[in-house]
Amino acid sequence: MRFAYSFRLPVTVERAWPVLLDLRRVAPCMPGAAIESGEGPDYVGRMKVKLGPIEMTYRGDLHFVEQDDVAHRVKVEGAAKEIRGGGLAKATVTMQAVPAGNACEVAIDSDYTLSGKAAQFGTGLIDEIGT
Amino acid sequence: MSKSEVAYIRPKSIGVSVPRREDPALLTGRARYVADIALPGQLHAAILRSPIGHGKVTRIDVTAARALAGVELVWTGQDTAGRCPGVASSLELPGFVATVQPLLAHDEICFIGEAIAVVVAESRAIAEDALELIEVDYEELPVVADADTAIAGQVLANTRVPANMVYRCDRVTDDVAPAFAAAAAVVGGRIEVGRVSASPIETRGIVARHEWTTGALTVWLATQMPSFCKTMMAIFLQFPEHLIEVITPQVGGSFGQKAHVHPEELLVCLLAIELGRPVAWIEDRQENLFRGTHAKHQINDLAIAVDGEGRFLAFRDRVITDGGAYNTLPWTHLIEGHAGMLVITDPYKVPAFAAESISVATNKCPIGSYRGVGFTSPALAREVLIDRAARAVGISPFEIRRRNVVRSEDFPYTSRAGLKISEGSFLATVDKLEAMVGYDAFRARQESARKRGRYLGLGVSIYTEVTGVSTRTLHYFDYAVTSHDTATVRVEPTGKVSVTTGIVSSGQGNLTTLAQIAADAFGVPVEDVTIHTGNTRHAVGFGTIGSRGAMIGAGTIGRAAEMVRAKMRAIAGRLLQAPADEIEFTDGMIHVRGDPGRAMPFAAVAGAAYFAEATHPENFDPAMEATAAFDPADIILANGGHVAIVEVDIETGMVRVEKVFAVEDCGRMINPMIVEGQIRGGVAQAIGLALLEELIYDENGQLVTATLQDYLLPTALDVPDIEIAHLQTPSALVPGGIKGMGESSMVSAPAAVAAAVNDALACLGVAIEHFPATPQRIFDAVSGAARQ
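Predicted model only: the values in this text are computed from it and were never measured. Counting starts from 1 at the beginning of each chain's written sequence and moves along it residue by residue. Chain labels run from A onward and ligand labels from 1 onward, assigned in the order the entries are written. Only residues with pLDDT of at least 70 get local features here, since the model is predicted, and only at 80 or more are side-chain atom pairs given and counted; chain-wide, interface and lining totals rely on the full set of residues.

Enquirer: Go over the overall build of chain A with me, naming the residues and quoting the values.
Expert: Numbering goes from the N terminus for both helices and strands, where a helix is a DSSP run of H or I of at least four residues and a strand is a run of E of at least two. Each helix and strand in chain A was counted, giving 4 helices and 7 strands. Taken from N to C terminus, the helices and strands of chain A fall in the order β-α-α-β-β-β-β-β-β-α-α. Radius of gyration here uses only the C-alpha atoms, and the compact-globule reference equals 2.2 Å multiplied by the residue count raised to the power 0.38. The C-alpha atoms of chain A give 15 Å as radius of gyration, which agrees with the globular expectation for 131 residues (14 Å, within 12%). Along the longest, intermediate and shortest principal axes, the C-alpha atoms of chain A span 45 × 30 × 20 Å. Out of the 131 residues belonging to chain A, those deemed buried represent 20%. Two residues form a contact once the distance between their C-beta atoms, set from the backbone, is within 7 Å. When contacts within chain A are restricted to residue pairs at least 6 apart in sequence, those whose partners lie at least 24 apart make up 46%. Buried residues are those with 20 or more other C-beta atoms within 10 Å of their own C-beta, exposed residues have 12 or fewer, and partly exposed residues lie in between; C-beta atoms are placed from the backbone.

Enquirer: Hey, could you go over the interface of chain B and chain A for me, with residue numbers and the actual values?
Expert: Contact with chain B, which involves 14 residues of that partner, is made by 14 residues of chain A. Note on residue categories: nonpolar means Ala, Val, Leu, Ile, Met, Phe, Trp, Tyr, Cys or Pro, charged means Asp, Glu, Lys or Arg, and polar means any other residue, Gly included. Looking at the side of chain B that touches chain A residue by residue, the class counts come to 7 nonpolar, 5 polar and 2 charged.

Enquirer: Report on the nonpolar core, specifying residues and quantitative values.
Expert: Formed by 276 residues in total, the largest nonpolar core has its most connected members in A45(B), V119(B), A518(B), I557(B), V753(B) and V757(B). If we skip the residues at most four places from it in the chain, I557(B) touches A487(B), V489(B), V499(B), L514(B), I517(B), A518(B) and A521(B). To count as a nonpolar core, a set of buried Ala, Val, Leu, Ile, Met, Phe, Trp, Tyr and Cys residues must be joined through C-beta atoms within 7 Å.

Enquirer: I'd like a rundown of the sheet that holds strand β11 (residues 205-210) of chain B, residues and numbers included.
Expert: Residue and element names in this part refer to chain B. One open sheet accounts for 7 strands, arranged β3-β7-β1-β14-β11-β12-β13; its pairing is mixed. Strands with a single pairing partner mark the edges of an open sheet, and in this sheet they are β3 (71-76) and β13 (244-247). Each strand axis lies, on average, 20° off the axis of its neighbour in the sheet, ignoring direction. We treat two strands as partners when DSSP finds at least two bridges between them. Inspection of the sheet shows β11 paired to strand β12 (residues 217-221) by 5 bridges, in the antiparallel sense. What sits directly across from H210, in β12, is L217. Axis lines are fitted to C-alpha atoms, over the contacting stretch for helices. Their N-to-C directions set the angle, which ranges from 0 to 180 degrees. The sheet contacts of helix α7 (residues 226-236) involve β12 and β13, and relative to β13 the element is tilted by about 145°. Relative to β11, helix α8 (residues 263-275) is tilted by about 30°, and along the sheet it contacts β1 (43-49), β3, β7 (115-121), β11, β12 and β14 (279-282).

Enquirer: So, the environment of D146(B): which residues are in play, and what are the values?
Expert: Residue and element names in this part refer to chain B. Looking at the secondary structure, you find D146 in the loop between β8 (135-140) and α5 (147-152). C-beta crowding within 10 Å serves as the criterion here: with 19 such atoms nearby, D146 is assigned to the partly exposed category. Residues D146 and G324 lie 178 residues apart in sequence; the distance between their C-alpha atoms is 9.4 Å. Setting aside chain neighbours within four positions, we find D146 in contact with D322 and T362.

Enquirer: How would you explain the packing of helix α19 (residues 672-692) of chain B against helix α20 (residues 744-762) of chain B if you had to name every residue and give the values?
Expert: Between two packed helices, what matters for the description is the angle formed by their axes and the separation of those axes. Residue and element names in this part refer to chain B. Orientation of α19 relative to α20, taken along the N-to-C sense of each, is 45°, at an axis distance of 8 Å. On the basis of their axis angle, the class for α19 and α20 is oblique. Helix-helix and strand crossings are classified by hand; for α19 and α20 the assignment is right-handed. Contacts from I679, G682, V683, Q685, A686, I687, L689, A690 and L691 of α19 reach α20 at S744, S745, M746, A749, P750, V753 and A754. By residue class, the composition of the contact of α19 with α20 is 12 nonpolar, 4 polar and no charged. Should an angle fall under 35 degrees it is taken as roughly parallel, and over 145 as roughly antiparallel, whereas 65 to 115 is taken as roughly perpendicular and any remaining angle as oblique. Here a crossing is called left-handed whenever its near helix is offset anticlockwise from the far helix by less than a right angle, and right-handed whenever the offset is clockwise.

Enquirer: Explain the environment of T218(B) to me, using residue names and the numbers behind them.
Expert: One can find T218(B) in strand β12. When the C-alpha positions of T218(B) and V246(B) are compared, they lie 6.1 Å apart, and in sequence the two are 28 residues distant.

Enquirer: Summarise the packing of helix α11 (residues 376-393) of chain B against α20(B); cite the residues concerned and give the values.
Expert: Residues and elements named next belong to chain B. Two elements in contact, α11 and α20, have axes separated by 8 Å at closest approach and are oriented at 35°. As α11 packs across α20, the resulting crossing turns out to be right-handed. In contact with T376, A379, L380, E383, V384, D387 and R391 of α11, α20 contributes M746, V747, S748, P750, A751, A754, A755, N758, D759 and A762.

Enquirer: Describe the pairing of strand β6 (residues 88-100) of chain A, naming the residues involved and giving the relevant values.
Expert: Residues and elements named next belong to chain A. Where strand β5 (residues 73-82) lies against β6, 9 bridges are found, and the strand directions are antiparallel. Bridging across to β6, K81 finds its partner in L88. Between β5 and β6, which pair antiparallel one after the other, the connecting turn spans 5 residues, and G85 there sits at a positive phi close to 120°. With 12 bridges joining them, β6 and strand β7 (residues 103-114) adopt antiparallel strand pairing. Note that in β7 the partner of V98 across the bridge is E105.

Dropping the structure here:
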């Protein structure tokens, strides 16, 4: 399952890039996400997801597999387990920032594999938010 | 006396649409199902199921689950392995690979939804909460998500099945090459019918109780095979069989899904024995879609060679069954493609036939039986291609069938696969259907609709239905199994009749139809008969499966009734002063043949047997009760056909079924209303199979259609007007001339719908070969053709 989206930041890519890579600062921007520990390329985090009536909390590892500070490209792999319920989630997330004048465009492309409740409880549910 | 003896029954109530005696309870909510059983101290089980398609459990921690208040027990595979190795399913065929499905997976997990742990608690809610506290780490293994990957054999779905090959067979190997070389036309395709679920309204369920005081194990079970389950429980659990009683309360639909021994059933028995308290497990809907056995998944690579007149020269079939991770008990993977291959040519004369069946293991739920079992998919492939052959040689779909069906002058006709056809009304079926449909008028309407951009299609299907699964049937399909059933008939002192049978009632109206049979066996009103069913104490049987209830009921009740009738004849002969063999039973009276005036009430003779020794002949045994077995002498074939008319919207890909016609020949009908109910229900399921229902696994073995939002069952809105006509060719092998018919619509109606969709799209050069024919598949095919 792929999720792809992009957003614009009103600052230069040079200024945005270090902040985007600081997971402890960025994670709270995402509702439900938190970094518990880690440094360098490896982190442990948790993420609460609500799909319609179903709420799931995943806990797992994040690992930076690729980081290019010149091209402003980073690739992160994550593997997490549902805290209650036994579902599994795997993700590969690629983030690419490109300058756009005084601003920058950030494109995020993520590929998820879900098992358990999230995968089974209605394709309609996931399809609505996926692409 | 032979178990296949055909007792004499004079039809009187048989043939009448007697109202169903089970309906007052069913319609007012008073019927009791397994989920209604509430025993003192009863506990509830919930099962943790694998979220991955293939892998291993590397760590499992149940500490927190065990500590939850209200939890009585938590077991993992380590706990069950020592108590029962699992459900072993094997056939004595060269090359067949048997499998053992553990009650709880403790080593390899082979499909999503496979049981990993069980919690028993004071309530189902607590048990489910405890499931969430079980921590499991998995090591994922590569997944075999489709039949082609399985056949390639590079990745194993189940490490105990070498090369994923459960069974490969080429039982019929005519040299068909000359026929194909000489053919005026050859039609062929790779026709796939997807996985479906029988989806009974009542899911699977069991309540088990073990009493230490008596040692008795009492099991309330939603099953079609209570006697078989009892024996398998005795064997697999090493439990004395005489202490097991399996009770089937009202079963809320089964359709074949409950014709297996499921691992959960053995598991719950073990739990009840362990805990000394009754344990209930009632499957939820999602579990049922995951795990309640899947069905029908076959890919038929079928080719038909015809001459210039549309006569069949040869069939060539290679059928692959995507059978899932394990063999079910007792059917195994062979229930689908292998069984289907052996009847794919019937009811047609096919002079040369070559076929190969391949059954492969995949990381999916095991394939099991569902109404029409292996026959639905080959019938669909065959009928779709016959219509294509008719278009190729320029004759109507009725005419091509008329030219090829087995005719009465061919009887007994033996198919190349070895099935003997001795009775049936194949030609009459074709003629009848054509007349009902008004074929020429339809073609004119189709033509004018097309001009307005509307695409109508007509599909025809003619079938044979192997009814009344018996020893001969099982042997024909390569199951080396012997089967028979028994019934006990007792005439009460007041002349009422009590019948005990092993037939399970799951909505078919057996209590009514069997009463009609018993009534006619004694010449008494149907109200004077009661049918007792629902536990293994008094009758044995193979099961209420494979359209066998009516046939087995008539055979067993007929034979047992004859034994009691002989005694009544002896008394009546003495009292009426006539030879016993001249005594007859009519309208509640017992009289001398040809002399209705010399008569006495049936009840009076019954009373005499019990209470008037002076009326007894010498050495008279007054037991007014007899038990008899029945197993028919040969395979019983019913036949008939369906026509579907559909409209395909080529913009949206949606199909609307406008009308379905059915012709049914199930011999002498016991109860026409019930026969028609079976047809209507089967047509609804057929529309689901052909257009809507599909269990879809993604490439990781995740079932992505695990709710009824995604797994689309037909509703009343999808089911059209159904016009039914009957032909009656009595069976010579069953009392009353009865044949089975419970599966017919699911054998044949999907083919009619599938062929109709193809007929609608043929003018666009579009063929649909993958079913269900969903809007997406139709849209893709139509837009693909438009691009060319």
